[in-house]
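This is what each chain is made of:
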Amino acid sequence: MLLVEFRSFLLAGFANTLLLSLVLTAGATLCAILFAAALSARSRVLAGLVYGLVECLRDTPLMVTVLLAYFVLPKAGISLNPFWSSALSISLWGGANGAHIIRAGLASVPKGQHEAADAFGLRGWRKLVLVTLPQAMPVIIPPYVSLVTSLVQASSLGAVIGVEEVFRAGQVIIEQTTLVRGGSPAYLVYGFLLVIYFVLCWLISLAGRRCEQYFTRHLTGADEASPLPRGTTQVVPA
């Protein structure tokens, strides 16, 4: 069978896809936090500049962003290999979309919770970590999980600039098999790749659903033995 014959090549590509997906998720999350913080900054100039950057990234086709990063950055003296060029461009795109998800989640926490937290002496990062984030997570998680699955799918765009991930491996197998043996195995290879991406995204969605249930259960008091996550403070507005 063709897939068995090229299993080592496909496994190497799959490993690169996993690595790139992890880098994209971490990079997009970091960018999202930084963008969200800048958008909420008191400086209107900073907030305006970041807003323009975020909207530019969101409104530009991701393929164009990937190609620009790979071909234009070297002109500015920044030379990145295909892997890191893809990681940078897609992470920025993911961060631009994730910033609005984080902002919406934080804004969903009732004002009374902030006031009550202040009354209990919670300030700064303690209020954010112990009060705001636990209550914002049920709002943040569902759209953010969708964003992560989009990042996994977007990792296939690295094949356009030569990243040796699983989609590129499939393209090479199709090209070589067609040239050497005749007849295109595209239906078989692309069908196999479809299954791979489906399983990866399904597992991510499953993990996200479990996380959402965890935070929702604790916030609604469904778990009477432990009504709140360990170390979490939820205050009730007056």
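Structure shown above.
Below, the structure is looked at part by part. Note that the structure is predicted; figures quoted are calculated from it, not measured.

Concerning the overall build of the protein chain
Part 1 of the reasoning: Per the secondary structure count, the protein chain includes nine helices and zero strands.
Part 2 of the reasoning: Listed by position from the N terminus, the elements making up the protein chain come as α-α-α-α-α-α-α-α-α.
Part 3 of the reasoning: Considered along the principal axes of its C-alpha atoms, the protein chain spans approximately 75 × 45 × 25 Å.
Part 4 of the reasoning: Classification of the 238 residues of the protein chain by burial places 40% in the buried group.
Part 5 of the reasoning: Put simply, the protein chain shows about 13300 Å² of open surface, and 66% of that area lies on carbon and sulfur atoms.

A few points about the environment of Phe-83
Part 1 of the reasoning: Note that Phe-83 resides in helix H5 (residues 82-107).
Part 2 of the reasoning: On the basis of relative accessible area, Phe-83 is assigned to the buried category, the value being 15%.
Part 3 of the reasoning: When the C-alpha positions of Phe-83 and Val-72 are compared, they lie 15 Å apart, and in sequence the two are 11 residues distant.
Part 4 of the reasoning: Each residue touching Phe-83, except ones within four places of it in the same chain, is listed here: Asn-16, Leu-19, Leu-20, Val-23 and Val-163.

Thoughts on the state of the cysteines
Part 1 of the reasoning: In this structure the tally under the stated criterion is zero disulfides.
Part 2 of the reasoning: Free of any disulfide, Cys-31 has its nearest cysteine sulfur in Cys-56, 14 Å distant.
Part 3 of the reasoning: In this structure Cys-31 comes out as buried when scored by relative accessible area, which is 16%.

Things to note about the pattern of salt bridges
Oppositely charged side chains can form a pair if their charged atoms are brought close together.
Part 1 of the reasoning: Following the criterion strictly, the structure yields two salt bridges and no others.
Part 2 of the reasoning: Here Arg-181 and Glu-5 are joined by a salt bridge, their closest N and O atoms 2.5 Å apart. With a gap of 176 residues between them, Arg-181 in helix H8 (residues 166-181) and Glu-5 in helix H1 (residues 2-5) connect regions that are remote in the sequence.
Part 3 of the reasoning: Given the relative accessible area of 45%, Glu-5 is considered partly exposed.

As for the nonpolar core
What tends to happen in soluble globular proteins is that the nonpolar side chains get buried as a cluster.
Part 1 of the reasoning: Formed by 33 residues in total, the largest nonpolar core has its most connected members in Phe-35, Leu-62, Ile-90 and Tyr-144.
Part 2 of the reasoning: Residues in contact with Tyr-144, not counting those within four places in the same chain, are Ala-28, Thr-29, Ala-32, Gly-98 and Ile-101.
Part 3 of the reasoning: Phe-6, Leu-10, Val-152 and Ile-173 belong to the second-largest nonpolar core, a separate cluster that totals 15 residues.

Observations concerning the environment of Pro-143
Part 1 of the reasoning: Summarising the element assignment, Pro-143 is placed in helix H7 (residues 124-154).
Part 2 of the reasoning: Residue classification places Pro-143 among the partly exposed residues on the basis of a relative accessible area of 34%.
Part 3 of the reasoning: When the C-alpha atoms of Pro-143 and Ile-102 are compared, they prove to be 9.6 Å apart, with 41 residues separating the residues in sequence.

Points about helix H4 (residues 62-72)
Part 1 of the reasoning: Along H4, the residues that are buried comprise Leu-62, Thr-65, Val-66 and Ala-69. For H4, the arc enclosing every buried residue in end-on projection is 100 degrees, short of the 170-degree limit, so these residues lie on one face.

Remarks on the packing of H4 against H5
How two helices sit against one another is set out by the angle between their axes and by the gap between those axes.
Part 1 of the reasoning: It is the contact of H4 with H5, at a shortest axis distance of 9 Å, that shows an interaxial angle of 135 degrees. Taken together, the axis directions place H4 and H5 in an arrangement best described as oblique. Between H4 and H5 lies a crossing of right-handed hand. Of H5, the residues touching H4 (which contributes Leu-62, Thr-65, Val-66, Ala-69 and Tyr-70) are Pro-82, Ser-85, Ser-86, Ser-89, Ile-90 and Trp-93.
Part 2 of the reasoning: Per-class residue counts for the contact of H4 with H5 are seven nonpolar, four polar and no charged.

Definitions and limits used
Residues numbered from 1 in each chain as written. Predicted model: local features only at pLDDT ≥ 70, side-chain atom pairs only at ≥ 80, totals over all residues. Heavy atoms only, no water. Helix = DSSP H or I, 4+ residues; strand = E, 2+ residues; numbered from the N terminus. Buried < 20%, exposed > 50% of the residue type's maximum accessible area, 1.4 Å probe, protein only. Areas by Shrake-Rupley, 256 points an atom, 1.4 Å probe, with all protein chains shown as cover. Contact = heavy atoms within 4.5 Å. Disulfide = S-S within 2.5 Å. Salt bridge = Lys/Arg side-chain N within 4 Å of Asp/Glu carboxyl O. Core = buried A, V, L, I, M, F, W, Y, C linked by side-chain atoms within 4.5 Å. Arc of directions from axis to C-beta. Axes fitted to C-alpha atoms, helices over the stretch in contact; angles between N-to-C directions. Parallel < 35°, antiparallel > 145°, perpendicular 65-115°, else oblique. Left-handed = near helix turned anticlockwise from the far one by under 90°. Nonpolar A, V, L, I, M, F, W, Y, C, P; charged D, E, K, R; others polar.

Everything listed here is a matter of coordinates, which is why it stays silent on function.
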